[in-house]
Amino acid sequence: MSEALLEVRDLEVYFPIKKGVLKKTTGNVKAVNGLNLSVNKGETLGIVGESGCGKSTLARTILGLEKPTSGDILIEGESILNYSAKQMHRLRRDVQMVFQDPFTSLNPRMKVSEIIAAPLKAYKMTDNIEQRVKELMDLVGLKPEYHDRLPHEFSGGQRQRIGIARAIALKPKLIVCDEPVSALDVSVQAQVINLFEDLQKELDLTYVFIAHDLSVIKHIADKVSVMYLGKMMERSDSESFYNHAQHPYTNALLSAIPLPDPGKEKTRERIVLKGELPSPANPPTGCVFHTRCPIARDYCKENTPQLERKGNEEHEVACFFPIEKGMVEAGSENLLR
Amino acid sequence: MLEVKNLKVHLDTASGIVKAVDGVSFHVKAGETVGIVGESGSGKSVLAHSLMQLNPVPPATYPQGEIIFENRNLLDLKEKELRKIRGNEIAMIFQDPMSSLNPVFKIGNQLMEAIRTHQSMSRQNAEEKALELLKDVGIPDPKSRLNDYPHQFSGGMRQRVLIAIALACQPKLLIADEPTTALDVTIQAQILELMKDIQKKYGTAIIIITHDLGVVAQLADRVLVMYSGRIVEEGITGDIFYHTSMPYTWSLLRSLPRLDSDIHQRLKSIQGQPPNLVDPPKGCNFSPRCPFVTEQCLEVDPSLVDRGNGHRAACILSESEYEERKHEIQDIEREGVEQ
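Per chain, residue numbering runs from 1 following the sequence as it is written. By the order in which they are written, chains take letters starting at A while ligands take numbers starting at 1. In view of the model being predicted, local features appear only for residues whose pLDDT reaches at least 70, and side-chain atom pairs are presented and counted only at 80 or more, with totals across whole chains, interfaces and linings using the full set of residues. For the side-chain quantities, the full set of heavy atoms in the structure was used; hydrogens and water were omitted.

**Let's talk about the pattern of salt bridges**
Close approach of charged atoms allows side chains with opposite charge to pair.
Residues and elements named next belong to chain B.
Right, so step 1: Take a side-chain nitrogen of Lys or Arg and a carboxyl oxygen of Asp or Glu: if they are within 4 Å of each other, that pair is a salt bridge. For the structure on display, the rule yields 35 salt bridges over all chains.
Right, so step 2: Measuring nitrogen to oxygen at the nearest pair gives 3.0 Å for the salt bridge that ties arginine 145 to aspartate 148.
Right, so step 3: Remark: exposure states derive from per-residue accessible area (1.4 Å probe, protein chains only) relative to the maximum for the residue type, with buried under 20%, exposed over 50%, and partly exposed in between. By relative accessible area, arginine 145 is classed as buried at 19%.
Right, so step 4: Among the residues examined, aspartate 148 registers a relative accessible area of 17% and is labelled buried.
Right, so step 5: Salt-bridge contacts for arginine 325 lead to glutamate 328; the nearest nitrogen and oxygen are separated by 3.1 Å.

**Observations regarding the interface of chain B and chain A**
Right, so step 1: Only heavy atoms matter for contacts: two residues are in contact if any of them lie within 4.5 Å across the pair. Contacts between the two partners involve 46 residues from chain B and, on the opposite side, 48 residues from chain A.
Right, so step 2: Of the roughly 4,100 Å² buried between chain B and chain A, counting both surfaces, carbon and sulfur atoms make up 54%.
Right, so step 3: If you look at where chain B meets chain A, you find 2 salt bridges.
Right, so step 4: Residue arginine 266 of chain B pairs with aspartate 198 of chain A through a salt bridge whose shortest N-O separation is 3.0 Å.
Right, so step 5: Definition of a polar contact: a pair of N or O atoms within 3.5 Å, with one able to donate and the other able to accept a hydrogen when the atoms are protein atoms, and with sequence-neighbouring residues admitted only if both atoms are side-chain atoms. At the junction of chain B with chain A, the criterion picks out 27 residue pairs in polar contact (both at pLDDT 80 or more).
Right, so step 6: Secondary-structure elements contributing two or more residues to the side of chain B that touches chain A are helix H6 (155–167), helix H7 (185–202), helix H8 (213–219), helix H9 (237–242) and helix H10 (247–255) of chain B.
Right, so step 7: The biggest single contributor to the side of chain B that touches chain A is H7 of chain B, with 7 residues. Note on definitions: buried area is the accessible-area loss of two parts on being combined, 1.4 Å probe, summed for both. In DSSP terms, a helix is any run of H or I states spanning at least four residues, a strand is any run of E spanning at least two, and both are numbered starting from the N terminus.

**Digging into the domain arrangement of chain B**
Residue and element names in this part refer to chain B.
Right, so step 1: Either an automatic procedure or a domain database provided the assignment from which the domain bounds are taken. Domain assignment breaks chain B into domain 1 (2–226) and domain 2 (246–338).
Right, so step 2: For domain 1 and domain 2, the distance between their C-alpha centres works out to 31 Å.
Right, so step 3: Taken together, the contact between domain 1 and domain 2 spans 12 residues of the former and 10 residues of the latter.
Right, so step 4: Taken together, both faces of the contact between domain 1 and domain 2 bury some 910 Å²; the carbon and sulfur share is 63%.
Right, so step 5: Contact with domain 2 buries surface across domain 1, with Glu39, Leu213 and Val225 losing the most and accounting together for 49% of the total.
Right, so step 6: Where the side of domain 1 that touches domain 2 is concerned, the elements lending two or more residues are strand S2 (16–28) and strand S9 (222–227).
Right, so step 7: Sort the elements by how many residues they give to the side of domain 1 that touches domain 2 and S2 lands first, with 6 residues.
Right, so step 8: Following the grouping adopted for this structure description, the nonpolar residues are Ala, Val, Leu, Ile, Met, Phe, Trp, Tyr, Cys and Pro, the charged ones are Asp, Glu, Lys and Arg, and the polar ones are all others, Gly among them. Of the residues that constitute the side of domain 1 that touches domain 2, the class distribution is 6 nonpolar, 4 polar and 2 charged.

Here is the structure:
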């Protein structure tokens, strides 16, 4: 058996578009369109993409909150798609989620201690609840005197700590984090990212970490996958990914992030993508990225590239004309506007 | 061109008076880009809104200060006179491009309204002007898009429309409040490029308000760093990033997840949370979180001190004391790593 904790195989999640009085299905929004990935125990997989690329749908599907159109999701080698409600209940203990918005993901009428105790009660782990809640609060860096406070008394960073305490309460194996730091203040982001890393070491956790910010992913992920319009564009181990990103889209994403360094900003070569994300209801033919790709050729309009191993063993790219190392830095003319 | 002197803006809330802007002074020269950086709650948006007096009164009050724009104190002007300035000499773009456009009017009408409010122009001329503006901000096929409604535009395109409206009267000053925060990175890059081009073409002075130090590094000539309603450091962009002389800015720069750092590098986080403005800490506002903190910091509230070359910092440590303490902190960290 493989050591993969989570495996996603050829996953497709379509949402029907219904029109007219009879609600006839006239098309599909292809939110996730043929995706493969695997995460090993103790690893962090970073998933990156712009809004609308299907990354949140992917997260929800992994947790069984969305039904896939086709494909399979395996946890510890077992398919979860046909699980009964009882089996699903057992699974949720091992797979938890941390949400983006710490303001709407906590019940405003529950005390901190009740929020953190809720999953313990749901799984009938009722002995020593108080002790366990105390431990959890300590683990995520919440002071014991916050025990009886309500969510509105906390700032964003502390609320996210409450959400994390709730997620780790049942000692899960896998935590899916959907943009967990993007709603936080800049000075608090670093605390929460460090907390995720400390908890991973301490509790032997596996993360699927979804973000739109490649610099956050760089600090936390072991492997990175880039999504665009429901498809995987590039995936690799972090080392090879940040050292030599090969897909033009990845390179554009990397070069779009402004660096907090005015000197580097002045001299930096930048790929500015033209246009906007096409509709996932009507994705482009061929390579889905060809409408915005700076180096697209006619060939890309008609043929769909598959993820293929390029160079390093772990590094796969879905592009016919991957970018060679140094091309962006050299300001290769056809790449930059 | 614009000079703000000791401006205070208070918000009267149920839980007490919030000193959202607490004695802020700065200036903007013609054609320059000034970045105002701060976290949420630092008062940067209230400050920006008060420049055009867009804060609702109540709860906002302006107990002290002056906003001098071309020899007039904007705080003394009547609403009618202010209207002549708003959108005409000073224009503003906001964070959320959806809620800043009226959903029931066509883009073309909204643009023409902005033009004809301040300039006497025939409908036809205004339409030509609107077309030209849409072209300038890079909207493809501008002619047909004049007749579209806001919901037919994507987020990035809406922000372009807003920039076009802001530019309609060729303002001398453009205030951009988090203009790219709601946008994806690739679209953000497009809008930032557009703002640079526009400044070149129109020579507009820009105040850009953001929490993203990367955006500031890319656009600004000068930077103001705000923390809990005050400016804590001010200087030309290079000085702020390379010769930081205020513990908050220094800690903030170190704590950022950066693309140009090593993989899996541990972040140097700032402890604690931003302060509560109803009941700010005694002494320096940053003292509860400051790694440089001394006993004196808990008592003395520092004011901005000139460090030469227009560089000002609000810290009671002298330059040499600051450098010494900085090296101490770095030494301690290094030992911690080695152990």
